[in-house]
Amino acid sequence: RTVARAYTLALIQNGRSREADVVLRHKFPDARYRLADDVLRYGATDAPSVAFPAGAVGAYDGALSPALFEAVRASLAPDGDFWPSHAYDDEASGFFSYVHSLDDGTPTVVVR
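Owing to the predicted nature of the structure, the values given are computational and were not obtained by experimental measurement. (Residues numbered from 1 in each chain as written. Predicted model: local features only at pLDDT ≥ 70, side-chain atom pairs only at ≥ 80, totals over all residues. Heavy atoms only, no water.)

**A word on the overall build of the chain**
When helices and strands are counted, the chain shows five helices and zero strands. The secondary structure elements of the chain, listed N-terminal to C-terminal, are α-α-α-α-α. Counting only residues that meet the buried cut, the chain has 13% of its 112 residues in that class. The contacts in the chain between residues at least 6 apart in sequence include a share of 21% that link residues at least 24 apart. (Helix = DSSP H or I, 4+ residues; strand = E, 2+ residues; numbered from the N terminus. Buried < 20%, exposed > 50% of the residue type's maximum accessible area, 1.4 Å probe, protein only. Contact = heavy atoms within 4.5 Å.)

Here you go:
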């Protein structure tokens, strides 16, 4: 699986997404989403598109202020507060999810 990940990344970075998708479907049949090509082609000389295709996951550099990025980074670090606060090490802890609408423009994240 490690080789398959590296191979598909190389395919995508070389503009061969259709071939990469075949490998991903075969090696990772339960996967439903993958990062968009523009995200995986980091360092490419051509400018990335702003719109991602349906079903893709996108990422943007500089989307968070430096202070907010640092707060998120610290919280999600291996020794960060997020993990014990959500009982990730407790097998009896049930599934939970954070769902926030991004459509209405209302801020839904608070950093303390």
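**Notes on helix α1 (residues 2–13)**
Across its 12 residues, α1 extends 17 Å between first and last C-alpha, which sits within 8% of the 16 Å expected from 1.5 Å per residue. Elements in contact with the buried residues of α1: α2 (17–27) and α3 (37–40). Just downstream of α1 lies Gly 15, where phi reads positive at about 75°. (Expected span 1.5 Å × (residues − 1).)

**What to know about the packing of aromatic side chains**
Scanning the model with the defined rule gives one aromatic pair in all. Look at Phe 82 and Trp 83: their rings are 4.9 Å apart centre to centre, the planes differ by 85°, and that puts the pair in the edge-to-face class. Judged by its relative accessible area of 18%, Phe 82 falls in the buried class. (Phe/Tyr/Trp six-rings, centres within 6.5 Å; stacked < 30°, edge-to-face > 60°.)

**What to know about the pattern of salt bridges**
For the structure shown, the criterion picks out four salt bridges. As a salt-bridge pair, Arg 34 and Asp 21 come within 2.8 Å of each other at their nearest N and O atoms. Taken together, the residues span a long stretch of sequence, with Arg 34 in the loop between α2 and α3 and Asp 21 in helix α2 at a distance of 13 residues. Here Arg 34 falls in the partly exposed class, since its relative accessible area comes to 22%. Through salt bridges with shared partners, one network takes in Asp 21, Arg 34 and Asp 37. (Salt bridge = Lys/Arg side-chain N within 4 Å of Asp/Glu carboxyl O.)

**Details of the nonpolar core**
In this structure, Ala 4, Leu 11, Ile 12, Ala 20, Val 23, Phe 28 and Leu 40 together form the largest nonpolar core, which totals seven residues. Breaking this core down by element, the ones donating at least two residues are α1 and α2. Looking at which element gives the most residues to this core, the answer is α1, with three residues. Sequence-distant contacts of Ile 12, defined by excluding residues within four places in its chain, comprise Ser 17, Ala 20, Arg 34, Asp 37, Leu 40 and Arg 41. (Core = buried A, V, L, I, M, F, W, Y, C linked by side-chain atoms within 4.5 Å.)

**Let's talk about a nonpolar patch on the surface**
Together, Leu 64, Phe 69, Val 72 and Leu 76 make up a nonpolar patch on the protein surface, roughly 330 Å² of accessible area in all. Within the fold, Phe 69 resides in helix α4 (residues 66–76). A residue is classified by how much of its surface remains accessible, and Phe 69, at 48% relative accessible area, is partly exposed. (Patch = residues over 30% accessible without salt bridge, like charges linked within 9 Å, V, L, I, M, F, W, Y side chains within 5 Å. Areas by Shrake-Rupley, 256 points an atom, 1.4 Å probe, with all protein chains shown as cover.)

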